[in-house]
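Summary of the model geometry
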Amino acid sequence: PLRLGELARPYLISEHGEVGMTEALATVVVERIVDGLIVSALLFIVLFFLPEQGTASFVQIRGGAFLAIGIFATALGVLIAAWFWRSATLTLIDRFFGIFSTNLAAKFRGLIEDFYDGLAVLPNWRHLAVFVGYSVVYWLFNGYGYYVLALGFEGLNVPILAGYAMMCCVVVGMMLPNPPANVGVFWYFLLKPLALYGVATGNPAATAFALVAWLGQLLQQTAFGLYYVAKPASEPDVQ
């Protein structure tokens, strides 16, 4: 809930790895930005082929696409600028926080320097390219999975493009703070593109599809979580 997993991941990395939490947080930020840009780009491509482009649902999806690409592109720009103007950024931090307290400025500077250490993944273009490649493959399979699942429900005769539209809408919708287990929010954004294909709100098959898709992901994530909670601390982690 409330995107707390974004803080839990760097915490777990710092607890069981060889890097600090701030450094691990930097890698999580990079991952989120790359994922966001990939999904936003897919959503932009999908927009050109969606039907009923004059409807309210399409306008909302298009607005979400522009919002997402704007947020993630800006975040990427800030990271790039901060990396190449590292000295200027640290000097600005010292001057700003130094007005209030030199100790506060030193602590905040240390946090930012640790964050920079985590960003050291960016200049390693080979590692970054491999990560981006795996991410693209993952999202392509993810959208296709929604399409295949929809085939199992009577009346949801939608094209494969709808599967990618649903996936993109879910990911963009998940940018918002969500309730525990994404209840409600997941279903709303998943079904939003189906309105463009004549699937009415409250359609029983669509509702069942949304519940199965949500439950499948919830059970999968819970199973992984329970496994690692029960995993003995002495057992070596997979590298």
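The following refers to the structure shown. Residue positions are given per chain, counted from 1 along the sequence in the order it is written. The predicted origin of the model limits local features to residues at a pLDDT of at least 70 and limits the giving and counting of side-chain atom pairs to 80 or more, whereas totals for whole chains, interfaces and linings rest on all residues. Each side-chain value is derived from all of the structure's non-hydrogen atoms; neither hydrogens nor water enter the calculation.

A word on the overall build of the protein chain
Put simply, the rule is: The helix and strand labels rest on DSSP assignments: H or I over at least four residues marks a helix, E over at least two residues marks a strand, and numbering proceeds from the N terminus. Buried residues are those whose accessible area, probed at 1.4 Å on protein chains only, stays under 20% of the maximum for their type, while exposed residues exceed 50% and partly exposed ones sit between those limits. Any two residues whose heavy atoms approach within 4.5 Å at even a single point are treated as in contact. Here the Shrake-Rupley method, with its probe set to 1.4 Å, supplies the accessible areas, and only the displayed protein chains count as covering residues. In this tally, Asp and Glu contribute negative charge and Lys and Arg positive charge; neither His nor the terminal groups of the chain are included. A single reference atom marks each charge: NZ on Lys, CZ on Arg, CG on Asp, CD on Glu.
Counting secondary structure elements, the protein chain contains 9 helices and 0 strands. Dimensions of the protein chain along its principal axes, counting C-alpha atoms only, are 65 × 45 × 35 Å. When the 239 residues of the protein chain are sorted by exposure, 32% land in the buried category. Within the protein chain, contacts between residues at least 6 apart in sequence are counted, and of these 65% link residues at least 24 apart. Looking at the protein chain as shown, the accessible area adds up to about 14,300 Å², and 70% of this sits on carbon and sulfur atoms. Treating the 11 positive side-chain charges of the protein chain as one cloud and the 14 negative ones as another, the clouds have centres 7 Å apart.

A few points about the packing of aromatic side chains
What describes a pair of aromatic rings is the distance from one ring centre to the other and the angle between the planes of the rings. So the rule is basically this: Only rings of Phe, Tyr and Trp enter the pairing, Trp through its six-membered ring, and a pair is recorded when the two centres are within 6.5 Å. The plane angle decides the type: under 30 degrees is stacked, over 60 is edge-to-face, the rest tilted.
As enumerated under the stated definition, the model contains 7 aromatic pairs in all. Pairing Tyr144 with Tyr147 gives two aromatic rings, centres 5.9 Å apart and planes at 45°, and the pair type is tilted. Here Tyr144 pairs with Tyr147, and both are found in helix H6 (residues 125-151), just 3 residues apart, close to one helical turn. Both rings, one in Trp187 and one in Trp214, keep their centres 5.4 Å apart while their planes meet at 85°; by these two values the pair is edge-to-face. Taken as a pair, Trp187 in helix H8 (residues 185-191) and Trp214 in helix H9 (residues 204-230) lie far apart in primary sequence, 27 residues in all. Note on Trp187: relative accessible area 25%, which makes it partly exposed.

A few points about the packing of helix H2 (residues 21-47) against helix H7 (residues 160-173)
The condition is simple: For helices, the fitted line uses only the C-alpha atoms of the stretch in contact; every axis is such a line through C-alpha atoms, and the angle between N-to-C directions lies from 0 to 180 degrees. Angles below 35 degrees are treated as roughly parallel, those above 145 as roughly antiparallel, those between 65 and 115 as roughly perpendicular, and all remaining angles as oblique. Left-handed describes a crossing whose near helix is turned anticlockwise from the far helix through less than a right angle; right-handed describes the clockwise counterpart.
Relative to each other, H2 and H7 sit at 135°, their axes nearing to 9 Å. Of the possible angle classes, the one that applies to H2 and H7 is oblique. In this structure, the crossing between H2 and H7 has a hand that is left-handed. Contact with H2, carried on its side by Val39, Leu42, Leu43 and Val46, involves Leu161, Tyr164, Ala165, Met167, Cys168, Val171 and Val172 of H7 and no other residues of that element.

A word on the pattern of salt bridges
The cut-off we apply is this: Salt bridges are defined by distance alone: a side-chain nitrogen of Lys or Arg within 4 Å of a carboxyl oxygen of Asp or Glu.
In total, this model carries 2 salt bridges according to the counting rule given. Residue Glu31 pairs with Arg9 through a salt bridge whose shortest N-O separation is 2.6 Å. Of the two residues, Glu31 sits in helix H2 while Arg9 sits in helix H1 (residues 5-16), which places them 22 residues apart along the sequence. Classification of Arg9 by relative accessible area gives partly exposed; the value is 28%. The residue Asp35 makes a salt bridge to Arg32 at a minimum N-O spacing of 3.8 Å. Here Asp35 and its partner Arg32 are both found in helix H2, 3 residues apart, which amounts to about one turn of the helix. What makes Asp35 buried here is its relative accessible area of 10%.

Functional significance is not addressed by these values, which are geometric in nature.
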